[in-house]
Amino acid sequence: MANALRDLWESPKLIAATLVFGIGGNFQYGFQISVLNAPSLYIKQFINETCQRRYGVPLETWKLTLIWSFTVSIFCIGGLVGSLCAGNLSVKYGRKKCLLLNNFVAIAAAVLMLVSRTAETFEMIMVGRFLYGINSAGVSLNIHSMYMVECAPKKLRGLVGVSVATFVSIGKFWGQLVGLKEVLGTEELWPVLLAFSGLTALLQLVTLPFFPESPRYLLIDRGDRAKCEEAIQNLWGKGDYASEIADMMAEHAAIRGVKSRSPVELICEKTLRWQLLTTIVTFVTLQLCGINAVYFYSFDVFHAAGIPDKLICYVALGVGLCEITTSLTCGMIIESTGKRLLLFRGYLCMAAALALLTVTLVLQEQISWMPYCSMVFIFSFIFFFSSGPAGVTAPLPGEIFNQSYKPAAFVIACSINWIGLFLIGMIFPLIVDHLGYFCFLIFFGFCFFSGVFVWFGVPETKNRTALEIAEEFRKMHTKTKIKAVESIGNIEAQQSIWSTKL
């Protein structure tokens, strides 16, 4: 850990890039996830009053709920649209230029949010949420992760990659914080709250031109070694990076003449099926691990523990701080622990926390002190989620695929993420109604299965190039096939011996 921090400290431009790309990238994604919680009552009131002025009658409850649900979920649709476009855009225009132009989408969304109440048009909020989805959940989530993995040297790739999830956590916490009634979560200031992302987009728009393009993109995609070396010196400082450049040249030679692949071509490529399966399993589990359910039930648990309703929002900030702190801790240990172990340990410990949380939730009405045990398991679950899957999953496609398949891998990963989130948003309320606290057993199954899959099916990626990781995948699963064939052969041999004896 000390060595990784020392190496990072010797690259101040890389630290600055991590902050600038994070604040203008996945910070906005996290912020948009949590920002609608605080002003929801005021926005619903605004929608109802607008319709009453237009049509002379207030909205029925079910109609208002439908409009509000659409306003919230259209963010996911924007994220899916942005994800489908991000791969081609990042190859055609480069990572840096895409993120630079992407800020104009966020600024346009912020303007719509800011003037929506003055214009007495709640449809502006819907359009703004859709644009925010394209900006933060689609383009930024893909290209920010891609850029940071490509800009970091091998020895810092894990630490810098975890910053992607850290900024998501910071964004969620900041959305909760500025949404308090003491800050911007008031009836008068909620349009300013919704437009806040425009400020971070403006900050990135002004500072981004001072940073270089991704070195790996310049060398492998563009074949420009001189600019690649210039970008490396700019980001990493003075030093001898011949081995890093040699690794890039080896990958460039391996895929020479091969254009960037589409998601369909990646799905059809048999030699990468285990990398693709790893991406699918980890990103599906990211949505189906139960993190949304834990946050949903945390308010009930806090209430049962005797915390007044007016103070629960402040306790929720503690949950957000726990996620940020743990994510930072993950960044400190990832280079020494390794990503495979963090995923495996995180999934299995999350499964254990969910099983114990189910027991305590069932018993909380019978035993007075049981809600406090539930609180412990809620924080434990968030701790293991943030210290493993949350930090490792987002940059994973950028590590296990070579340059020609990387954009397609991120498109598939983020599309799975947003389809999963949309389905969870639609199905989760029905699951809660029918299963209650036992809904956590479904998520327990996903976490446990994913932990077993990672242990037996995924190699360690620490300090390895994409070509080396591909070879590790091949060796791991070739051994599995050989063992299976040998065991079948032994069974057949034993059967032949017994038949001879008979």
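Rules and cut-offs
- Residues numbered from 1 in each chain as written.
- Predicted model: local features only at pLDDT ≥ 70, side-chain atom pairs only at ≥ 80, totals over all residues.
- Heavy atoms only, no water.
- Helix = DSSP H or I, 4+ residues; strand = E, 2+ residues; numbered from the N terminus.
- Rg over C-alpha atoms; globule rule 2.2 N^0.38 Å.
- Buried < 20%, exposed > 50% of the residue type's maximum accessible area, 1.4 Å probe, protein only.
- Areas by Shrake-Rupley, 256 points an atom, 1.4 Å probe, with all protein chains shown as cover.
- Lys, Arg positive; Asp, Glu negative; His and termini not counted.
- Charge placed at Lys NZ, Arg CZ, Asp CG, Glu CD.
- Phe/Tyr/Trp six-rings, centres within 6.5 Å; stacked < 30°, edge-to-face > 60°.
- Lys NZ or Arg CZ within 6 Å of the ring centre and 35° of its normal.
- Domains from an automatic or database assignment.
- Contact = heavy atoms within 4.5 Å.
- Buried area = accessible area lost by both parts, 1.4 Å probe.
- Salt bridge = Lys/Arg side-chain N within 4 Å of Asp/Glu carboxyl O.
- Polar contact = N/O pair within 3.5 Å; in protein donor to acceptor, adjacent residues only side chain to side chain.
- Expected span 1.5 Å × (residues − 1).
- Arc of directions from axis to C-beta.
- Core = buried A, V, L, I, M, F, W, Y, C linked by side-chain atoms within 4.5 Å.

Visitor: Hey, could you run me through the overall build of the chain in this one?
Guide: Secondary structure summary: the chain contains 24 helices and zero strands in total. For a compact globule of 502 residues, the expected C-alpha radius of gyration is about 23 Å, and the chain comes in at 24 Å, within 12% of that figure. Seen through its principal axes, the chain has C-alpha atoms that stretch 85 × 70 × 45 Å. Taking all 502 residues of the chain together, 52% fall into the buried category. Element-wise, carbon and sulfur atoms account for 68% of the exposed surface of the chain, whose accessible area totals about 22,400 Å². Taking the average location of the 40 positive side-chain charges in the chain and that of its 34 negative ones, the two points are 5 Å from each other.

Visitor: In this structure, what is going on with the packing of aromatic side chains? I would like to understand it.
Guide: When we look at a pair of aromatic rings, we describe it by the centre distance and by the angle of the planes. Under the definition given, this model contains twelve aromatic pairs. With centroids separated by 5.0 Å and ring planes inclined at 75°, the aromatic side chains of W236 and Y241 adopt a geometry described as edge-to-face. Using a relative accessible area of 3% as the deciding quantity, one classes W236 as buried. Relative accessible area serves as the criterion here: at 17%, Y241 is assigned to the buried category. The structure contains a cluster of three or more aromatic residues connected by ring pairs, namely F27, F31, W174 and F196. The positively charged end of R340 is found above the aromatic ring belonging to W455, 4.4 Å away from the centroid.

Visitor: In this structure, what is going on with the domain arrangement of the chain? I would like to understand it.
Guide: Interface extent is often summarised as the accessible area lost during association of the parts. Domain boundaries in the chain define domain 1 (1-211) and domain 2 (265-493). Placing a centre on the C-alpha atoms of domain 1 and another on those of domain 2 gives a separation of 23 Å. The partner domain 2 presents 40 residues to the 41 residues of domain 1 that form the contact. Contact between domain 1 and domain 2 buries roughly 3,400 Å² in total, counting both sides, with carbon and sulfur atoms accounting for 69%. E399 serves as the salt-bridge partner of R157, at 3.5 Å between the closest nitrogen and oxygen. At the junction of domain 1 with domain 2, the criterion picks out eight residue pairs in polar contact (both at pLDDT 80 or more). Elements supplying a minimum of two residues to the side of domain 1 that touches domain 2: helix 1 (2-9), helix 5 (61-93), helix 7 (123-151) and helix 8 (157-178). Looking at which element gives the most residues to the side of domain 1 that touches domain 2, the answer is helix 8, with 14 residues.

Visitor: I tried to follow helix 4 (residues 40-55) on my own but got confused; where do I start?
Guide: In this model helix 4 runs 22 Å from its N-terminal to its C-terminal C-alpha over 16 residues, within 8% of the 22 Å that 1.5 Å per residue would give. Of all the positions in helix 4, only S40, I43, F46, I47, T50 and C51 are classed as buried. Within helix 4, the buried residues cover an arc of 125° as seen down the axis, which keeps them to one side. Residue G56 follows helix 4 closely and has a positive phi angle near 85°.

Visitor: Teacher, can you tell me more about the nonpolar core here?
Guide: Generally speaking, soluble globular proteins have nonpolar side chains that are buried together. Core analysis: the biggest nonpolar cluster contains 37 residues, and Y29, I43, F122, I125, Y132, L194 and W418 have the highest contact counts within it. If one sorts the elements of this core by residue count, helix 7 sits on top with six residues. Sequence-distant contacts of L194, defined by excluding residues within four places in its chain, comprise V35, L36, P39, I43, M113, I125 and Y132. Residues C98, C151, A152 and M248 belong to the second largest nonpolar core, which totals 34 residues.

Visitor: Would you mind going over helix 6 (residues 95-119) with me for this structure?
Guide: Along an α-helix, residues three or four apart share an orientation, since each turn contains 3.6 residues. An ideal rise of 1.5 Å per residue puts 36 Å on 25 residues; helix 6 measures up with 36 Å between its terminal C-alpha atoms. Taken together, the buried positions of helix 6 are occupied by R95, K96, C98, L99, N102, N103, A106, A109, A110, M113 and S116. At the C-terminal side of helix 6, E120 shows a positive phi close to 55°.

Visitor: Help me out: how do you make sense of the environment of T282 in this one?
Guide: Summarising the element assignment, T282 is placed in helix 15 (residues 273-288). The spacing of T282 and C447 is 165 residues in sequence and 9.7 Å in space, taken between C-alpha atoms. Setting aside chain neighbours within four positions, we find T282 in contact with L343, Y347, T393 and L396. A polar contact of 2.8 Å, which involves the side chain of T282, links it to the backbone oxygen of T278. A polar contact of 3.1 Å, which involves the side chain of T282, links it to the backbone oxygen of T279.

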